[in-house]
Each structure stands twice: as structure tokens, then as C-alpha cells.
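Here is what each chain is made of, one letter per residue.
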Amino acid sequence: MSNNELRDRYNPKDVEARLYKWWLERGYFGAQDKSTKPPFCIILPPPNVTGQLHIGHALNHTLQDTLTRWKRMSGFNALWLPGTDHAGIATQGVVERELAKEGQSRRELGREKFVVRVWEWKKKYGDRIIEQMKTLGDSCDWRRFVFTLDDGVSKAVRRVFVELYKKGLIYKGQRLINWSPKLESALSDLEVEHKEIKGTLYHIQYGPLVVATTRPETLLGDVAVAVHPDDERYAKLIGKTVPLPLTGRSIPVIADTYVDKEFGSGVVKITPAHDFNDYAVGTRHKLAMINILNRDGTLNENGGSYAGLKVQEARKRVVEDLKAQNLLVKEEPHTHYVGHDSRSGAVVEPLLSEQWFVKMESLARPARQVVENGTVTFEPEAWTKTYLHWLNNIQDWCISRQLWWGHRIPAWTCAKCNHVTVAEETPSQCEKCGSKDIEQENDVLDTWFSSALWPFSTMGWPNETEALKTFYPTDVLITGHDIIFFWVARMIMMGLEFRGDVPFRKVLITGLIRDAEGRKMSKSLGNVIDPVELIDEFGADSVRFTLLAQVSAGKDLKFSFPRLEGYRNFMNKIWNAARFSLQVLSEFEPPVDGVNALPKIENMCDADSWIVHKLGVCEAEVHKHIDGLHFSEAANTLYDFVWHEFCDWYLELIKPVVYGDRADEKAATQLVLAQTLNRIVRLLHPFVPFISEEIYGRLPIRGEEACVIDQYPNPRNDQNWLQIGRKERADELDLVIAVISAIRNIRGENRIKPSEELKVRLAPKDEGSQKILQANRAYVEKLAKLGECQISETGSLTKCALTPVVIQSYRVDVIVYLEGVVDLSEERKRIEKTIEKLQKEKGALEGRLSNENFVKNAPAEVVEQGRAQVNELSNKIQTLQDSLVRLG
RNA sequence: GCGAACGUAGCUCAGUGGUAGAGCGUUGCUUUCACACAGCAAAGGCCACAGGUUCAAUCCCUGUCGUUCGCACCA
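Details of the protein's contact with RNA strand B
(1) Moving on: In the vicinity of RNA strand B there are 59 residues, among which Arg9, Asp260, Phe263, Trp643 and Ala844 approach most closely.
(2) Moving on: Contact between RNA strand B and Asn572: a sugar or linking oxygen at 3.2 Å from a side-chain N or O atom of the residue.
(3) Moving on: Glu633 is positioned with one of its side-chain polar atoms (N or O) 3.4 Å from a phosphate oxygen of RNA strand B.
(4) Moving on: Those elements that provide at least two residues to the surface near RNA strand B are strand 8 (209-213), strand 13 (328-341), helix 11 (383-392), helix 18 (561-584), helix 20 (631-653), helix 25 (727-749), helix 28 (825-849) and helix 29 (852-857).
(5) Moving on: Classifying every residue of the surface near RNA strand B gives 21 nonpolar, 17 polar and 21 charged.

Considerations on the nonpolar core
(1) Moving on: Judged by nonpolar contacts, the single largest core of 155 residues is most densely connected at Leu67, Phe646, Tyr650, Phe687, Val739, Ile743 and Leu762.
(2) Moving on: Here this core takes 13 residues from helix 20, the largest share from any one element.
(3) Moving on: In this structure, Val358, Ala367, Trp487 and Leu496 belong to the second largest nonpolar core, which totals 67 residues.

Side note on the packing of aromatic side chains
(1) Moving on: A complete count under the given rule lists 31 aromatic pairs for this structure.
(2) Moving on: Centroid distance Phe114 to Trp404: 5.7 Å. Interplanar angle 70 degrees. Geometry classified as edge-to-face. Taken as a pair, Phe114 in helix 6 (residues 111-136) and Trp404 in the loop between strand 17 (400-401) and strand 18 (411-414) lie far apart in primary sequence, 290 residues in all. Note on accessibility: Phe114 and Trp404 belong to one class, buried.
(3) Moving on: Three or more aromatic residues link up through ring pairs in this structure, and these residues are Phe161, Tyr165, Trp356, Trp397 and Phe449.
(4) Moving on: When the ring centre of Phe147 is taken as origin, the NZ or CZ atom of Lys122, which lies over that ring, is 4.3 Å away.

A look at helix 23 (residues 689-696)
(1) Moving on: Most of helix 23 is tucked away, with 8 of its 8 residues classed as buried.
(2) Moving on: Along helix 23, the residues classified as buried are Pro689, Phe690, Ile691, Ser692, Glu693, Glu694, Ile695 and Tyr696.

Some thoughts on the sheet that holds strand 19 (residues 420-422)
(1) Moving on: Taken together, the 3 strands give an open sheet; going across it, the order is 19-18-20, and neighbouring strands pair in antiparallel fashion. In this open sheet, the two strands that pair with only one neighbour each are strand 19 and strand 20 (438-440). Strand-to-strand twist in this sheet, taken as the mean axis angle between neighbours without regard to direction, amounts to 30 degrees.
(2) Moving on: In the sheet, strand 18 pairs with strand 20 via 3 bridges, with the strands oriented antiparallel. Counted as the bridge partner of Cys414 is Ile438 from strand 20.
(3) Moving on: Together, strand 18, strand 19 and strand 20 form the strand contacts of helix 7 (residues 151-166), whose direction differs from that of strand 19 by roughly 125 degrees.

Concerning the sheet that holds strand 29 (residues 810-817)
Note on sheets: strands pair through backbone hydrogen bonds, and any given pair is parallel or antiparallel.
(1) Moving on: Within the open sheet, the 4 strands sit side by side as 27-26-29-28. Their pairing is mixed. The open sheet terminates on both sides in strands that have one partner only, identified here as strand 27 (786-791) and strand 28 (800-807). Strand-to-strand twist in this sheet, taken as the mean axis angle between neighbours without regard to direction, amounts to 20 degrees.
(2) Moving on: Lying on the sheet, helix 30 (residues 860-887) is in contact with strand 28 and strand 29; it crosses strand 28 at an angle near 170 degrees.

Here's the deal with the side chain of Thr298
(1) Moving on: As for its position among the elements, Thr298 is in the loop between helix 8 (276-284) and helix 9 (311-324).
(2) Moving on: Of the polar contacts made by the side chain of Thr298, one reaches the side chain of Asp296; its length is 2.6 Å.

Focus on empty space enclosed by the protein
(1) Moving on: What the rule picks out here adds up to 2 cavities of 30 Å³ or more.
(2) Moving on: As a volume, the largest cavity reaches approximately 50 Å³.
(3) Moving on: If you trace the largest cavity, you find it lined by Ile574, Ala577, Ala578, Val642, Phe646, Leu677, Ile680, Val681 and Leu684.
(4) Moving on: Elements with a contribution of two residues or more to the lining of the largest cavity: helix 18, helix 20 and helix 22 (663-684).
(5) Moving on: For the lining of the largest cavity, the element with the most residues is helix 22, which contributes 4 residues.
(6) Moving on: Of the residues that constitute the lining of the largest cavity, the class distribution is 9 nonpolar, no polar and no charged.
(7) Moving on: Computed from the structure, the second largest cavity encloses a volume of approximately 30 Å³.
(8) Moving on: As for the second largest cavity, its lining consists of Arg215, Glu217, Thr218, His274, Ile292, Leu293, Leu299, Val311 and Glu349.
(9) Moving on: Looking at the lining of the second largest cavity, its residues break down into 4 nonpolar, 2 polar and 3 charged.

What about the packing of helix 17 (residues 540-550) against helix 23?
If you want to describe how two helices pack, look at the angle between their axes and the distance between the axes.
(1) Moving on: Contact pair helix 17 / helix 23: the axes reach a minimum separation of 7 Å and the direction vectors enclose 125 degrees. With respect to helix 23, the element helix 17 is oriented oblique. The residues of helix 23 that touch helix 17, namely those facing Ala540, Asp541 and Arg544, are Pro689, Phe690 and Ile691.

Observations concerning the pattern of salt bridges
Side-chain pairing between opposite charges can occur once the charged atoms of the two side chains come close.
(1) Moving on: Evaluated as defined, the whole model comprises 48 salt bridges.
(2) Moving on: Where Lys167 meets Glu497, a salt bridge forms, and the shortest distance between an N and an O atom there is 2.5 Å. With Lys167 in the loop between helix 7 and strand 5 (170-180) and Glu497 in helix 15 (residues 484-499), the pair connects residues that are 330 residues apart, well separated along the chain.
(3) Moving on: Glu349 is the salt-bridge partner of Arg215, the closest N and O atoms lying 2.8 Å from each other.

Section: the side chain of Lys614
(1) Moving on: As for its position among the elements, Lys614 is in helix 19 (residues 606-627).
(2) Moving on: A residue is classified by how much of its surface remains accessible, and Lys614, at 19% relative accessible area, is buried.
(3) Moving on: Leaving out residues up to four positions away in the same chain, Lys614 has contacts with Phe641, Glu645 and Asp734.

How each quantity is defined
- Numbers given for residues are sequential positions, taken from 1 along each chain in its written order.
- As a convention, the first chain written is A and the first ligand written is 1, with the rest following in written order.
- In keeping with the predicted nature of the model, local features appear solely for residues at pLDDT of at least 70, side-chain atom pairs appear and are counted solely at 80 or more, and the whole-chain, interface and lining totals rest on all residues.
- To obtain the side-chain values, all non-hydrogen atoms of the structure were used and water was disregarded.
- Proximity is defined per residue: any heavy atom of the residue falling within 4 Å of a molecule or strand makes that residue near it.
- Between N or O atoms, a polar contact is any pair within 3.5 Å; within protein, one atom must be a potential hydrogen donor and the other a potential acceptor, and residues adjacent in sequence are included only when both atoms are from side chains.
- By the criteria applied, helices consist of DSSP H or I runs no shorter than four residues and strands consist of E runs no shorter than two, each listed in order from the N terminus.
- Polar here means any residue outside two lists: the nonpolar Ala, Val, Leu, Ile, Met, Phe, Trp, Tyr, Cys and Pro, and the charged Asp, Glu, Lys and Arg; Gly therefore counts as polar.
- We define a nonpolar core as any set of buried Ala, Val, Leu, Ile, Met, Phe, Trp, Tyr and Cys residues linked to one another through side-chain atoms lying within 4.5 Å.
- Buried, partly exposed and exposed residues are distinguished by accessible area as a fraction of the type maximum, computed with a 1.4 Å probe on protein chains only: under 20%, between the cut-offs, and over 50%, respectively.
- Each Phe, Tyr or Trp ring, with Trp reduced to its six-membered ring, pairs with another whose centre is within 6.5 Å; inter-plane angles below 30 degrees give stacked pairs, above 60 give edge-to-face pairs, and intermediate values give tilted ones.
- Counted as over-ring charges are cases with an Arg CZ or a Lys NZ within 6 Å of the ring centre that also lie within 35 degrees of the ring normal.
- Any two strands with at least two DSSP bridges between them are considered paired.
- To define axes, lines are fitted to C-alpha atoms, for helices over the stretch in contact only, and angles between the resulting N-to-C directions are given on a 0 to 180 degree scale.
- Contacts between residues were defined by any pair of non-hydrogen atoms, one from each residue, lying within 4.5 Å.
- Cavity: a set of points on a 1 Å grid over the protein atoms alone where a 1.4 Å probe fits but cannot get out. Pocket: an open set with protein on both sides within 12 Å along at least five of seven lines, its lining residues, like those of a cavity, having an atom within 4 Å of a point.
- Grid points are joined across faces, edges and corners, and a volume is the space filled by probe spheres set on the points.
- Roughly parallel covers angles under 35 degrees, roughly antiparallel covers those over 145, roughly perpendicular covers 65 to 115, and oblique covers all other angles.
- What counts as a salt bridge is simple: a side-chain nitrogen of Lys or Arg found within 4 Å of a carboxyl oxygen of Asp or Glu.

Written out as C-alpha cells, the structure is:
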């Protein structure tokens, strides 16, 4: 490839880093705590510092950035508030894995040193994430950057913890919780993933009874067997005891409606300390609870001879021993769902344990209401149902984690009186007995506890800051559906509880990005797409536009490279259109009133009027689509307008004008071109900030030093300009375009080379058409590559191709002379094909019109329109049939 | 088991109560002075299936089939 060719390629690498740096230096992304402008705020869902950003982040960030830039340009005090999340379990997990590679463990290292290691990790990846965001073009207010373990957030966390504790909404209690033996920590219900497992159902003899279980080792913790109270088979045994195998213990037979008579033998072993249902039964019947597990998932001293074994091993041994004693009646394959730790993949054990909980009922109620009454809306709306379903069935939230990375629970236990002091400020003594012998909880809070406060903790709460007054509640939250419960719901609860208002008004739910085959991206499949690599190859704007053009609220998006290439090509198209325009404008004198300068209407050509009119339509559409968060429609509207209207038609149409010698007309066109390009660049900016800013800097007419801070065009603020693009004249040009297309169609179908100049007669059927064609003859000649163009109602009709063109009230027969140019059989085929198509169309219309119910019931204008169409089709068909005859 | 979404051109997907659009791909023609990452033209679809509402349905309703995703304690 020669240098010459390179020059007309857009190269993002020359542009992006430089412009981003410049934007930062100029402080364009900063929002004001106090401003006369209306506020607009998006809080960034803080990425986890576990690693780098993936393509899904790129999508969500692009949406947020586009919205923020759009609002900023639309006169808002727009704040996009950035931050990162410490992501307790996840980050601790990756650092532990790092350590394991070095042959170390966190326990060997000790809490203090381990936490130092995690901070080192956080520094590295936190910084990398920020770099990635800058590469994408994210226009956040970096001065306000927050990390979830920052002092400010920690203060907010303690305040909320203490207040909820005082209200009785946080409590510590011994309950059955989900325990990850791998992490050696409690998990919340949400962190448990139920996976289908092919297991075995073991039927075990308990004296006269047979019970079925998938987890025979838990029989060591059995305290009863249960049958259904109405089950006649076992009625006599209720209240009696049965021997528990392998233990020498006897356990009672109880009756409970929880038991399904039909399933298995209709007898259930009750292990309250290791099963959620059994826990409920045990509580109802005031049974003892025997915990047989240690924190690491091995059996404890209650496991008797099995003590010290891991669950799987114990299971094997128990089964062997049962067999040996002839107590194993049957083994059958059985698929069931087993809870797994969503982080480590370990099988979750229900475990009796002392943990901290948040009472959810009273927090959930208002959070439900604000969604029910539409104060907070979901897009797509279907998610409201999911959200409400969860809130309606909510369980208390286990918030303590036996981890080292996170906010340590602000509770101190007195060694002397056992009293627990819960306080915001680290206390020096027990608040009850005054003893100085107090020790803080070792546990940290669920990472989502601090996330729940994000919309206000990032703004300085608990201080009543200006930022809070200005920006809370925020406007839109853009996030994936995977964290609706984890995060969205809890932010709404906490916002209502501590700010008395919702944290945001709209929630836009995005889908997952999958690979081209529709598979989830995963490291093991090796199909993960790194946004930075994409940007490196294609440029940030191409990547952004690819995502924007394909995103549809709530739907997954298949990422394909051909599509990305297509939008990379679009960037190149924009670039070259700008290059051409600037070349045309190289000697153009910028008007004194700059962006407000208007050309004299009488000097404007039809193409000028047309493009201004189309621009107005485009501006209105784009405004409507972004406002409705329909990014793909906005992006596609711009793509269509820029490529197919501005480039394909306008830039081609004005060539005869700008290369022509009519100075007044040329000046008008140059002004229209300069203004249109200016507006196109601004329209594009929120979507493709880099290329638009780069072109903006070279525009002869511009209102600001940077595109980022210029005004976003829309029909309301662009009225003076848009009114010079009158629709009537745009319609006139549509006729010209239709005529050109008709000639090109004849050329293409007859395979006539572009180098062959055609002889054409345009036969206008009315005075209006006559005038339009006269005025625009140069366009037709150039764009249809004509050697000769007559405009005349009369003339020869033999050996010619004919296409009737009808646009609005204008009618023109386009006649291309083919004698000596081409053999006429192709043209015959073309006309026959067209006639067939028109006849089919006409037939359908006539069928409808002959239905009297249609005529009676359909709106008059629809009927009228139908009749006119039939008329028009008849005329066209007639004309074509005539010309077919004349082809000979 | 409960709930939700989706099924439109070869592929990936938009879209609308008046029988359909894009990008890529395909087929011709063209290296014409912004762009071959281009231009021009063309081919290609009973809008999953069956009912219903309506003058009219791809769009609304019901059901069937298929795909996907949530939620759920059947031992």
C-alpha cells in the first residue's frame, strides 16, 4: 500500500489518545456542584478490581458515555460519576489464586500482609481499568472518582450499619446459612447457584422404615424421621422411635405436612443443621440441631468415626458401612439441583452458624412500591416482574463474610460482659460495662452492602453536600440484568431508607455480549473479546458504534467482526466525506455570524434545500431515539443519513455546483455544506467522540473550541437554520433523484458500462415537472452519466427503454435510447419483470378495494390513497406495455 | 414446577394495525478527480405454525412447536 492510499484512510491512532488528553486538560468532563443548568447524572456501576474490563463493560460504558455527552451538549450540567468496587469475595479469590501459584496461602501470610497484597493488586488493576475507560473515551468527571473502600464510603457504610442496627433492622443470630467450604465464608442466597447434578438417591433402612436421601453422610446429624400425618402406612409409627444406622442413637418419628407421600418411600430424614427444609421442620417441632461439619467442610466430632473426612469421602464410607450392615436397600440414579458457590464453584453446605443479617421486609416494601407506581421504571419493562417477584419472596440478607478484604463490621464484643457495641467511631471501651477489653468483629461485610449505598455515598453522604442536593436522585442507571437483585434492588431500598427518595428514575437493562456463534464468552472457550485489542485494531469510535448500532434493551448481542469492519468503514466514510467537504471549502470565507449564518434562499440549489430538510428530519429522529434510550435506532438513523443521504446524494449532487462557475450559487452551496457538516459532526459526537472532535477542529464554521462542549443540534435550537430547507423543494429534488435512479436502473439491468454516455429524453407530464427538470438538468446529466439529455414531451419512442416516474404530484417518463447501445432483449425482460411486479401490486389493491367492508370501515384517506394508487399503477402498466410494443 | 423473552432475506438483526427494512454475504458492472474500508445495479422473505379479534395482522389476543434466560427445598 502506498503512502498515497494511506492518506485517505482514517487512522484512529493519530487522533484518540491526543484528543482524550486534551479534553482532560481542558476539564470538559467536569460537572458543577452548583449550576444554573439543569442537572443530569449517571453513576457508573463500579467495575470490580478483579481484572480488566471486558466487552460487556465496553457496551455499558458506551451507552453511558453517549447519554452523558448528549446531555452535556444539550445544555445539562451532566455528571458521569466514576468509581471502582473492591468486590470482596471476587478480588480476594483472584489474589488467593495468585498466592497459590507462588505456593502460598492467605492463612500463612496472615491477615495484615494479605490485605497489603490485595491493595497491590487493586492498585494495578484499578489503574488499568481507568486506562481502559479513557481508551474508550469515557467522559466521566475523574475528580470525583471513588473506590468502595475510600474513607468517605467507609464512613457511609458505618453510618448505615449503625442506623440499621439501632432500628433493629440489622441483627446477629445463629441461623442456617449457605456456607462455602472453599472460601470458608457465609454466602447470601444470591451467591448460590443451583446446578443440575446427576447424583444418587440412596434408600436406607431405619428400623422398620426406609428413607431416601441424596446425602447419606448427613444421617449422622439426623434428629428425626418425618412422615405425612395422613399417611396410613406409617400412622402407627408416629411418636415411636427408630434406630439411626451407624450411630446407636434412636430418633423419633414425627408427622409433618412438608412430607410428600408420593415421593420415594414417603419418609424423610430430618437433619435440621444441614438442610433448609429440615431446619424449618426442626424449628416447628423444637428438635435438637446437630452440626456435623467444620468450617472447611470436613466432618467434626459429631461425625464419630467419620470425623476429619471431607463430605464426599464421608459419603463413600457411610455408604460402604451401610452396605456392610445390609442397611442400604437401594441405590438409584437421581438428577437434582445442588447449590454451588457462584465464585469458587464449590458445593455449598447449609450450615448452622452465627452471622449478621439485614431484615428485609420493611426495606423491601417501599422498594416494591416505587416500582409498582412507576417512580422507577425498567427498560425493558419485563424486568419489573422479575424485580417484584424477588422482593415479594425476599429472605433476610446475610451480610457477614468470613473474609479479609472489605469493610470490617463495626461491632465490638466485650470480653468481660459479652455485650456488643456497634458504633460509627471506633470505641475505646464497652458501652455497657466500660471494659477496655473489647474486640472488633473479624468478619467483613458483603461487598454489595457498600454497593447499595453507591448513589449517595459517592456524593459525600452522610454529609449533606451540594453534590447530593444537585445530583440525587440520579437519572438513569445502565446495568446488566445479572445484578438486579444484588445491586439495583438494594440501592433502591437504601436510597429510600436513607435519602427518602429513589436513587434513579430509570433502569436500562443491557444484555450479554456473546460471540458470533451466540455462545457466552469465557476463558475456557477462548472466545473472550478484549475491547482494548479491538480498539487497538479498529479504533474506539468503530467499536463504540458497532455496539451502539446493535444494542437493544435487554437483549443479548452477538458480536461479529464483519459488522465491526462495516462500522470501521463507516468511520472512514465520515472521514473522507469530511476531507472532500473541507477541500470544497478550502477557499470558503467563514461568515461573521458563524453558525447562525444563512444563505440567500434564492441562491440555494434544490440539493441544498433537500439536505437541510433531511438534516432536520434526522435531527428530530435522533433526538427522539436517544431520549427514549433507543441507541441503535439513533445510531442507524445517523448512519443512513450520513452515508446514504449526505454522501451518496448531497455530495454528489453539489459537484456540478461547486465545480461550476456560478459564484452566487456556489457560495450558497458552500455555506450550506459548511453548516451541514458542522451539524453532522455535532450529531455524531456522543456516538463517535474522537473522529467527530478531530473533524470539528478543522471546520471553517464552529461555535466552540471543542465539539464536546458545543450544542447538540435538534429541531428546537436549530430552527432558523432548518427553516431554509423547505419540504417542497426537497420533494422537487426527490423527483430528480427518482429520475436518476430510473436511468441507472436501466443502465444496470441492461449492463451498460458507466463509460458509455447515454442519450436520454425526459418527458414531463406537467408544468411543475418540466420546471424542476430544467433547473436540475446538470445533476441528471452528471449523476446518470448522460451524453445528451432532452427535456421534451414529444419525440421518438422506438427502440428505447422507458420508465414512468411518479413522485408526489410530479410525473415524468424517463426514456433511454438504446439503439446501437445494447441488444433489446434485456430491456424487454426488465420491462416484463416490472409489469409483473406492478400488476401483482395492483391486483392486491383492487382486491381490497372491491371488499365493501373495507370501503365502508377503513378511514377515508386509506381508501382514497388506495384508489389513487390503483390509478397510478394502471397508468404505469399501460405506459410500460406501450413501450414493450414499440421495442419491437 | 413457576415466570419471562425470543422465533422476520443465506447470516446477524431492526421495525410497523394497511402484505416488509438494514448491515454483512451473494451476483453483474465500474479503479470516474472524498472514500475499492468505494460507487452503481440486481437477486433473495406466504415476517415459526394453528386459531381468534378487525374492513385489514408480521404487528393485538389464545394455543402449539422450537430456542434462550431467570426463579424454585421435593428428600
